[in-house]
Amino acid sequence: MPQYDVVVLGGGPGGYVAAIRAAQLGKTAAVVEQEKLGGTCLHRGCIPSKALLRSAEVYHTIRHGLSFGIETEGSRLRFELVQTRKQAIVEQLHKGIQFLMKKNRVDVYHGCGEIVSTPGGEGGQGVIAVTDASGKAKQVIFGDLIIATGSRPRSLPGLSIDGTLVMTTEEALKMEALPASMIILGGGVIGVEWASMMNDFGVEVTIVEYADRLLPLEDAEISKELQRLFAKRGIKVYAGAKLLPQTLEIGPHGVRMQAERANGTQELSAERMLVAVGRQANVEGFGLERTQIRIERGVIAVNASMRTDEPHVYAVGDCIGGLQLAHAASHEGIVAAESIAGRSHEPLDDMRIPRCIYGRPEIASVGLTEQQAVERGHEVKTGKFSFKGIGKSLIHGSSDGFVKVVADARDDALLGVHMIGPHVTDYIGEAELAQLLGATTMQLGRMIHPHPTLSEIIGEATLAVHGAAIHM
Amino acid sequence: MSEIKPDLFYSEEHEWAVAISGQVIRIGITDYAQHQLGDIVFVEFPEVGAGVFAGESMGSIESVKTVSELYSPVTGKVVSVNEALIDSPEHVNGEPYGNGWLVEVEVEGSVEAALAPLLTADRYRAITE
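Small disclaimer: the values here were computed from a predicted structure and weren't measured.

Visitor: Before we move on, could you go through the overall build of chain A and cite the residues and values that matter?
Guide: Within chain A, the secondary structure is distributed over 13 helices and 24 strands. Across the 472 residues in chain A, those meeting the buried criterion constitute 53%. Restricting to contacts in chain A with at least 6 residues of sequence separation, those with at least 24 account for 62%. Measuring between centres, the 47 positive side-chain charges of chain A sit 3 Å from its 54 negative side-chain charges.

Pasting the structure below:
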């Protein structure tokens, strides 16, 4: 039986990063993956959706070429080529991960992995059984195991997903042609990105969200601005709306349904429906029942070192819940690998993990929302600056949005930064770094931002906390 | 010098209001407000059927310079919004009291009672000078 110091179950951004880090630290390592290395992020999530969003943005820019002084008559969307481009990006990155596995001498087992026994159980040996596509099983011995089984799209009770008219993102990413209209169920991160993308591709979009606003986990002012900008683009948003699954009618021409709202029932119809109501951790079908590992509220319970209740078994990424983000998973993978190697590390704090949403405009945030800061007893002071006052955003051709800074008035601590506007995901890192180094908002505001850049807005918004913004 | 119509009612947030029937009040922003804001590029309307409350935000108005809240001067239910502004928001600048009207709200009691707390033209002129 092949034997490794570390076996990782799942080759997504949590799993493969953990394997590389373990190998860097001198461990022999293997990854078990039932589909393709790169996981949801690379094949069914971040990368393909952002590739489609980029094409949508280019199409939007071309159609509005005249605002830049460029006539673009006769431009035409070729969606099949959009899909080809997306797939080429995915495949290139997939090859990249395969290369990284070889380079770091991480063995890859293709197949479905299942825990047979753990070092803490009877017999004292950790064994994983891997069954490949042809049904052939193989056993692998591990010293430590890292579970990184990810998540899958969730549905709603009573709502059947046929994959054609009613889809999750998995099917939507593979659409060969665009529908004329789409209902998007769920106004969270995924729903918002798809709404923006579909609208830019010329699809008529309606979002139905159960909470009273889009992006209910973000700062309320961000939600408000996004809803305003979506209204400006003709995207219909029904917030505070409860889907009635029993009213769903699927016919040859599309989908009909009703949603209940405070001021009555809303009739909805479209050619397609995208269900984007969140993701569910994968915690079944790989032998957890044979271990002492605890499942809490549908996710695997771990401690600050990512260890489960079993010695020598760790878990990272979407299967442990929290912020279901690829960069969070990767970081957790590194923490797990370093814990196994006996290295110490800083505990992970959700408030230090930046959150990015890639519609048009983009949204990025880190730290506490204003409401969270108040609830935690901070004496809150905020600063806000509009992109209308930033020269580079006018040059760029999109001056919608703002940056809002949340600070504690007593010690000027930077509690949160919330950005909506052009390319904000590219410079939220600056706010994160300032937080990491414990900078005050005044220190961040005094940083010299190059001109003209979009990042100037961070300087202005932090200075605005002190009433010292210059261009306001 | 901005124009103030003698027969309208006004709010301190620079909206005007006038009864157009026994139950419905039409609302817009004043000439003074549109001058302050500059060229209007987008009006975010409340939904038809939605409830609005006097002194509370019911939408927003975006100019080249800024995005401002749109406050309702009265309490009631939105029965109509000026959809012509979706394509031609510049009417708010050109004819703030005419084709640039924004929203029509049906009030529960009498329109007189709903308008009574608002400012008269003379009092509004005083706060803009």
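Visitor: Break down the interface of chain A and chain B for me, with residues and values.
Guide: Listed by partner, the interface residues are ten residues for chain A and 14 residues for chain B. The interface formed by chain A and chain B includes five salt bridges. Here Arg261(A) and Glu47(B) are joined by a salt bridge, their closest N and O atoms 2.7 Å apart. Counting across the chain A and chain B interface gives six residue pairs in polar contact (both at pLDDT 80 or more). Counting residues per element, the side of chain A that touches chain B draws most heavily on helix H7 (residues 220-232) of chain A, at five residues. Broken down by class, the residue content of the side of chain A that touches chain B amounts to two nonpolar, two polar and six charged.

Visitor: Run through the nonpolar core, naming residues and quoting values.
Guide: In this structure, Val7(A), Ile128(A), Leu145(A), Ile146(A), Ile147(A) and Ile300(A) are the most contacted members of the largest nonpolar core, which totals 50 residues. Considering each element in turn, this core owes the most residues, seven residues, to helix H1 (residues 15-24) of chain A.

Visitor: Before we move on, can you summarise the sheet that holds strand S4 (residues 40-44) of chain B with the specific residues and values?
Guide: Spatially, the three strands line up as an open sheet ordered S4-S6-S7 (chain B), and their pairing is antiparallel. The open sheet is flanked by S4 and strand S7 (67-71) of chain B, the only strands paired with a single partner. Pairwise comparison of adjacent strand axes, ignoring direction, gives a mean angle of 25 degrees for this sheet. The pairing of S4(B) with strand S6 (residues 57-63) of chain B spans four bridges and is antiparallel. Paired with Glu44(B) across the strands is Ser60(B), a residue of S6(B). In the packing of H7(A) onto the sheet, the strands contacted are S4, S6 and S7 of chain B, and the crossing angle to S4(B) comes to about 110 degrees.

Visitor: Give a detailed account of the layout of surface pockets, specifying residues and quantitative values.
Guide: Vacant regions in the atomic arrangement are exposed by a probe of water-molecule size rolled over the atoms. In this structure, the second largest pocket encloses a volume near 1500 Å³. Lining the second largest pocket are 39 residues, and of these Val237(A), Glu44(B), Phe45(B), Pro46(B) and Glu47(B) lie nearest its centre. Going through the elements one at a time, H7 and strand S11 (236-238) of chain A together with S4, strand S5 (51-52), S6 and helix H2 (84-87) of chain B are the ones with two or more residues in the lining of the second largest pocket. Among the elements that line the lining of the second largest pocket, the one with the most residues is H7(A), at six residues. The class makeup of the residues in the lining of the second largest pocket is 21 nonpolar, eight polar and ten charged.

Visitor: Before we move on, can you summarise the packing of aromatic side chains with the specific residues and values?
Guide: The relation between two aromatic rings is expressed through the spacing of the ring centres and the mutual angle of the planes. Inspection of the entire model under this criterion finds four aromatic pairs over all chains. Ring centres of Tyr10(B) and Tyr124(B) lie 4.6 Å apart, and the angle between their planes is 5 degrees; on these two criteria the pair is classed as stacked. In this pair, Tyr10(B) sits in strand S1 (residues 9-10) while Tyr124(B) sits in helix H5 (residues 121-128), placing the two residues 114 residues apart along the sequence. The exposure classification of Tyr10(B) matches that of Tyr124(B), with both residues buried. Just above the ring of Phe402(A) sits the side chain of Lys384(A); from NZ or CZ to the centre is 4.3 Å.

Visitor: Could you give an account of the pairing of strand S15 (residues 272-275) of chain A, naming the residues involved and the relevant values?
Guide: Strand residues, when the strand is regular, have side chains that alternate between the two faces of the sheet. All names here are of chain A. Across two bridges, the pairing between strand S8 (residues 166-167) and S15 is parallel. Across the sheet, the residue bridging to Met167 is Leu274, located in S15. Pairing analysis gives four bridges linking strand S9 (residues 181-185) to S15, with the strands arranged parallel. Residue pairing in the sheet places Ile183 in a bridge with Met273 of S15.

Visitor: How would you summarise a nonpolar patch on the surface if you had to cite specific residues and measurements?
Guide: A cluster of nonpolar residues, Leu433(A), Leu436(A) and Leu437(A), forms a patch on the protein surface that exposes about 340 Å² of accessible area. Examined against the element boundaries, Leu436(A) turns out to sit in helix H11 (residues 428-436).

Visitor: I'd like a description of H7(A), backed by residues and values.
Guide: Taking 1.5 Å per residue, 13 residues should reach 18 Å; H7(A) reaches 18 Å between its end C-alpha atoms and fits that length. Within H7(A) the residues assigned to the buried category are Ile222(A), Ser223(A), Glu225(A), Leu226(A), Arg228(A), Leu229(A) and Phe230(A).

Visitor: Account for the environment of Ala50(B), with residues named and values stated.
Guide: With respect to the element layout, Ala50(B) can be found in the loop between S4 and S5. Looking at Ala50(B), the relative accessible area reads 18%, which means it is buried. For the pair Ala50(B) and Arg123(B), spaced 73 residues apart in the sequence, the C-alpha separation amounts to 30 Å. With near-sequence residues (within four places) excluded, Ala50(B) lies in contact with Asn263(A), Gly76(B), Lys77(B) and Val78(B).

Visitor: Lay out unusual backbone geometry with the relevant residues and their values.
Guide: Of the consecutive residues Arg360(A) and Pro361(A), the connecting peptide bond is found in the cis state with omega at 0 degrees. Assignment of secondary structure puts Pro361(A) in the loop between strand S20 (355-357) and strand S21 (362-367). The phi dihedral of Met306(A) is positive, around 75 degrees, even though this residue is not glycine. The residue Met306(A) is located in the loop between strand S18 (299-300) and strand S19 (313-315) in this model. Met306(A) sits in the buried class, given a relative accessible area of 5%. With a phi close to 70 degrees, His14(B) is a non-glycine residue in the positive phi region.

Visitor: Tell me about the environment of His418(A), and please be specific about residues and values.
Guide: All names here are of chain A. Among the structural elements, His418 can be located in strand S24 (residues 414-421). When the C-alpha positions of His418 and Gly10 are compared, they lie 33 Å apart, and in sequence the two are 408 residues distant. Reaching out from His418, the side chain makes a polar contact with the backbone oxygen of Leu368 at a distance of 2.7 Å.

Visitor: Would you mind going over the sheet that holds S20(A) in detail, with residue names and values included?
Guide: Residues and elements named next belong to chain A. Here we have five strands laid out as an open sheet, ordered S20-S21-S24-S23-S22, and antiparallel in their pairing. If you trace the sheet from one side to the other, it starts and ends with S20 and strand S22 (380-386), each paired once. Taken over all neighbouring pairs, the strand axes of this sheet differ in orientation by 10 degrees on average, direction set aside. Note: S22 against strand S23 (residues 402-408), seven bridges, orientation antiparallel.

The rules behind each value
Residues numbered from 1 in each chain as written. Chains lettered and ligands numbered in written order. Predicted model: local features only at pLDDT ≥ 70, side-chain atom pairs only at ≥ 80, totals over all residues. Heavy atoms only, no water. Helix = DSSP H or I, 4+ residues; strand = E, 2+ residues; numbered from the N terminus. Buried < 20%, exposed > 50% of the residue type's maximum accessible area, 1.4 Å probe, protein only. Contact = heavy atoms within 4.5 Å. Lys, Arg positive; Asp, Glu negative; His and termini not counted. Charge placed at Lys NZ, Arg CZ, Asp CG, Glu CD. Salt bridge = Lys/Arg side-chain N within 4 Å of Asp/Glu carboxyl O. Polar contact = N/O pair within 3.5 Å; in protein donor to acceptor, adjacent residues only side chain to side chain. Nonpolar A, V, L, I, M, F, W, Y, C, P; charged D, E, K, R; others polar. Core = buried A, V, L, I, M, F, W, Y, C linked by side-chain atoms within 4.5 Å. Pairing = 2+ DSSP bridges. Axes fitted to C-alpha atoms, helices over the stretch in contact; angles between N-to-C directions. 1 Å grid on protein atoms, 1.4 Å probe; cavity = no way out; pocket = protein on both sides within 12 Å on 5 of 7 lines; lining within 4 Å. Points joined across faces, edges and corners; volume = space filled by probe spheres on them. Phe/Tyr/Trp six-rings, centres within 6.5 Å; stacked < 30°, edge-to-face > 60°. Lys NZ or Arg CZ within 6 Å of the ring centre and 35° of its normal. Patch = residues over 30% accessible without salt bridge, like charges linked within 9 Å, V, L, I, M, F, W, Y side chains within 5 Å. Areas by Shrake-Rupley, 256 points an atom, 1.4 Å probe, with all protein chains shown as cover. Expected span 1.5 Å × (residues − 1).

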